[in-house]
Amino acid sequence: MKRFLLLYASQRGQAQAIAEDISEKAVAYGFSADLHCISESHKYDLKTERAPLVVVVSTTGNGDPPDTARKFVKAIQDKTLPSDFLAHLCLELVVEPWINGLWAALAKHFLLSRGKEEMNGTLTMASNASRRTDPVTPELLHIESQVGLLRLDGSRRKDAEVLEQNAVNRGQSNTLIADFEPSLIRSIPPLSQASLNIPALPPEYLQVHLEESFGQEESQAPVTSVDPVFHVPISKAVQLTMNDAIKTTLLIELDISKTDFSYQPGDAFNVICPNSDSEVQHLLQRLQLTDRREHCVILNIKADTKKKGAALPQHVPEKCSLHFLLTWCLEIRALPKKAFLRALVDHTGDGAEKRRLQELCSRQGAADYNRFVRDSRACLLDLLLAFPSCQPPLGLLLEHLPKLQPRPYSCASSSLFHPGKLHFIFNIVEFWSDTTAVALRKGVCTGWLAALVESVLQPNTHASRADGEKALAPEISISPRATNFFHLPNDPSVPIIMVGPGTGIAPFIGFLQHREKLREHHPDGHFGAMWLFFGCRHKDRDYLFREELRHFLKCGILTHLKVSFSRDAPVGEEEAPAKYVQDSIQRHSEQVARVLLQEDGHVYVCGDAKNMAKDVNDVLVEIISKEVGVEKLEAMKTLATLKEEKRYLQDIW
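The shown structure was predicted, so the numbers you read here are calculated from the model rather than taken from an experiment. (Residues numbered from 1 in each chain as written. Predicted model: local features only at pLDDT ≥ 70, side-chain atom pairs only at ≥ 80, totals over all residues. Heavy atoms only, no water.)

Chemist: Any chance you could explain the pairing of strand S8 (residues 249-255) here in plain terms?
Modeler: Side-chain direction in a regular strand flips from residue to residue, so the side chains alternate between the two faces of the sheet. Across the seven residues that make up S8, a large majority, six, are buried. Sheet topology note: the strand S7 (residues 230-239)/S8 ladder contains five bridges and is antiparallel. For Ala237, the partnering residue across the bridge sits in S8 and is Ile252. Here S8 runs beside strand S12 (residues 421-427); their pairing, made up of seven bridges, is antiparallel. Across the sheet, residue Thr249 finds its bridge partner in S12, namely Asn427. (Buried < 20%, exposed > 50% of the residue type's maximum accessible area, 1.4 Å probe, protein only. Helix = DSSP H or I, 4+ residues; strand = E, 2+ residues; numbered from the N terminus. Pairing = 2+ DSSP bridges.)

Below, the structure is given as structure tokens:
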């Protein structure tokens, strides 16, 4: 067994799951993975490490390293280190398609390092498997060389059962399945008759026992990260949009006066939220555990597990009830990964349902998985309702459902402007789910918050509650997020450009409030220009903070306000307004270029990462190229320099 060091840095568990998958598969390929979280620096030493190093690392926020990698990143960025400090390692970034080639790369490394030039035979592992059409497992390794044939079969899957099922499906008549469209629960040819390459069965490792509590005290707090948690009351809730707006936007004010929670404009914080109570109840019913909802959950590692480094999940507190576990600890809305689907196969009794789950997790069924699971936002409950004969044990759910993550929100206020208060805004996320039955679902956190404040919600008004009144709604739990760079310049004379359509305006309200107070405290100070590019659908429906922005503009705090309305048509002969913020920026390209390139200004972008932020970035490249007279590549380099100098900052999601 050839050892390699396998490190992971994960924010929400994705990179950890990939690393654990690599570790499990390594044995079948003749390798031993020494697996550690990258934060466990006492368990490995890169200075003396001579084995290959594989790092699986995610990004969070705006390409930032996950929390567990902060110390590692800081350490390797130490400018006192020699330039060849890590030259002795093999460092790679991991993406899913690359994993299949990992084993060949490791094998080649060990062959070369031992000077075995004579072993020049053909190495066919992942590449060989990818050309096969018969059912094989990822652990089936073939090394064909001059020294013979080596077969390592680490599969625990019942190959004969799958082969038999494939034969049955190949013999089915096309006429039996030609009269319906594919869906989550059924397929059509060629997939329905194809031989399948399905993942290896993940080894089970958790043993769950439900024990009557008999009045024992239950843990009422979900396990969170190392960050401190503050329990704060909601002191105000306001609907910022009109009732006929496409999206409903709410503002919530938290009373932090009795805590030591502090923040700057531009900061973000986490809201610790539960799963939907109705979804938890439905899940308990489907698992036939409703009558045991208050039982205490006792976890142990299975004595005969084949999982390397099996450990109890850290996000499950001791002495918690089953209901608490499903409500506060597990992300029951999480997208089921293919490994989870593979595990469900072995707990499904009906042959047709078993076959469909195999298809959805197979290489051949990738398109169906994307369409009916990923794109449809299917969750565990959807699968259990779609496949009635599937009866997974509770331990399997704990093994595959990730931790329920807190939801991040941008601060939409300044503590100078609102002492002892913290504002944040959000759209109530709503989407249609039609995996099993058409239903309108709300976001886990936004739906919960909206329900919390529903009875006390104020219309869009400036009326505020008198000091000393009791909180309108229950307390919620929040925690600070890592310090970021999305802050006002230290020098207030530096001009800034703010781009924030929709709820992306949140941090800029804090910026403007903060600047107003700074000007009050320093009436003779020199303050730079403040540009705001805001956008919404309709001027009369979802123009957030309209009166506040007019106030800042009138007072001279806000120098330029440019608003675009994507769904409003021009009235009469007036000039058509800019449709999107990037269009508005384009119309003021000369001024934008001057602020960024001649006045050393800063540009801040907040909001949608998929479309808006990309479009704004492209427009900035065009503006620099046009105004400076350089090629696009040179303009891109200029923009990259602004990012490095922390003068082009993004808070996008």
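Continuing now.
Chemist: Would you explain the side chain of Ser362 in this entry?
Modeler: Mapped onto the secondary structure, Ser362 falls in the loop between helix H9 (351-361) and helix H10 (366-374). A polar contact is formed between the side chain of Ser362 and the backbone oxygen of Glu359, at a distance of 2.7 Å. From its side chain, Ser362 meets the backbone nitrogen of Gly365 in a polar contact 3.0 Å long. Apart from the residues within four sequence positions on either side, Ser362 is in contact with Leu196, Asn197, Ile198 and Lys338. (Polar contact = N/O pair within 3.5 Å; in protein donor to acceptor, adjacent residues only side chain to side chain. Contact = heavy atoms within 4.5 Å.)

Chemist: Any chance you could explain the environment of Leu5 here in plain terms?
Modeler: Here Leu5 lies in strand S1 (residues 2-9). Measuring from C-alpha to C-alpha, the distance between Leu5 and Ser32 comes to 8.6 Å, with 27 residues separating the pair along the chain. Sequence-distant contacts of Leu5, defined by excluding residues within four places in its chain, comprise Asp34, His36, Tyr44, Leu46, Glu49, Pro52, Leu53 and Val54.

Chemist: It is not clear to me how helix H19 (residues 632-644) should be interpreted in this structure. Could you clarify?
Modeler: An α-helix turns once every 3.6 residues. As a result, residues three or four positions apart point the same way. Helix length check: H19 (13 residues) gives 18 Å between terminal C-alpha atoms against 18 Å at 1.5 Å per residue, within 8%. Of the residues making up H19, those classed as buried are Ala635, Leu639 and Leu642. Axial view of H19: buried residues confined to an arc of 50°, hence all on one face. Residues of H19 that are exposed and angled more than 90 degrees away from the buried face: Leu633 and Glu644. Positioned one or two residues after H19, Lys646 has a phi angle of 60°, which is positive. (Expected span 1.5 Å × (residues − 1). Arc of directions from axis to C-beta.)

Chemist: Would you mind showing me how to read the side chain of His514 here?
Modeler: Its place among the elements puts His514 in helix H14 (residues 506-521). On the basis of relative accessible area, His514 is assigned to the buried category, the value being 18%.

Chemist: Would you explain the packing of helix H17 (residues 589-598) against helix H18 (residues 609-628) in this entry?
Modeler: If you want to describe how two helices pack, look at the angle between their axes and the distance between the axes. Packing of H17 against H18 brings their axes to within 9 Å, and their N-to-C directions diverge by 90°. With respect to H18, the axis of H17 lies roughly perpendicular. Residue-level inspection shows Ser589, Glu590, Val592, Ala593, Leu596 and Leu597 of H17 in contact with H18, the latter providing Leu620, Ile623, Ile624, Lys626, Glu627 and Val628. Class assignment of the residues belonging to the contact of H17 with H18 gives a composition of eight nonpolar, one polar and three charged. (Axes fitted to C-alpha atoms, helices over the stretch in contact; angles between N-to-C directions. Parallel < 35°, antiparallel > 145°, perpendicular 65-115°, else oblique. Nonpolar A, V, L, I, M, F, W, Y, C, P; charged D, E, K, R; others polar.)

Chemist: Looking at this structure, I do not really get the packing of aromatic side chains. What am I missing?
Modeler: The geometry of an aromatic ring pair is captured by two quantities: the separation of the ring centres and the angle between the planes. One pass over the structure, following the stated rule, counts 20 aromatic pairs. Relative to Phe533, the ring of Trp531 lies with its centre 5.9 Å away and its plane at 15°, an arrangement referred to as stacked. Of the two residues examined, Trp531 and Phe533, each falls in the buried class. Across the ring face of Phe417, the terminal group of Lys517 is positioned such that the distance to the ring centre comes to 5.6 Å. Its guanidinium or amino end placed over the ring of Phe485, Lys646 lies 4.7 Å from that ring's centre, counting from NZ or CZ. (Phe/Tyr/Trp six-rings, centres within 6.5 Å; stacked < 30°, edge-to-face > 60°. Lys NZ or Arg CZ within 6 Å of the ring centre and 35° of its normal.)

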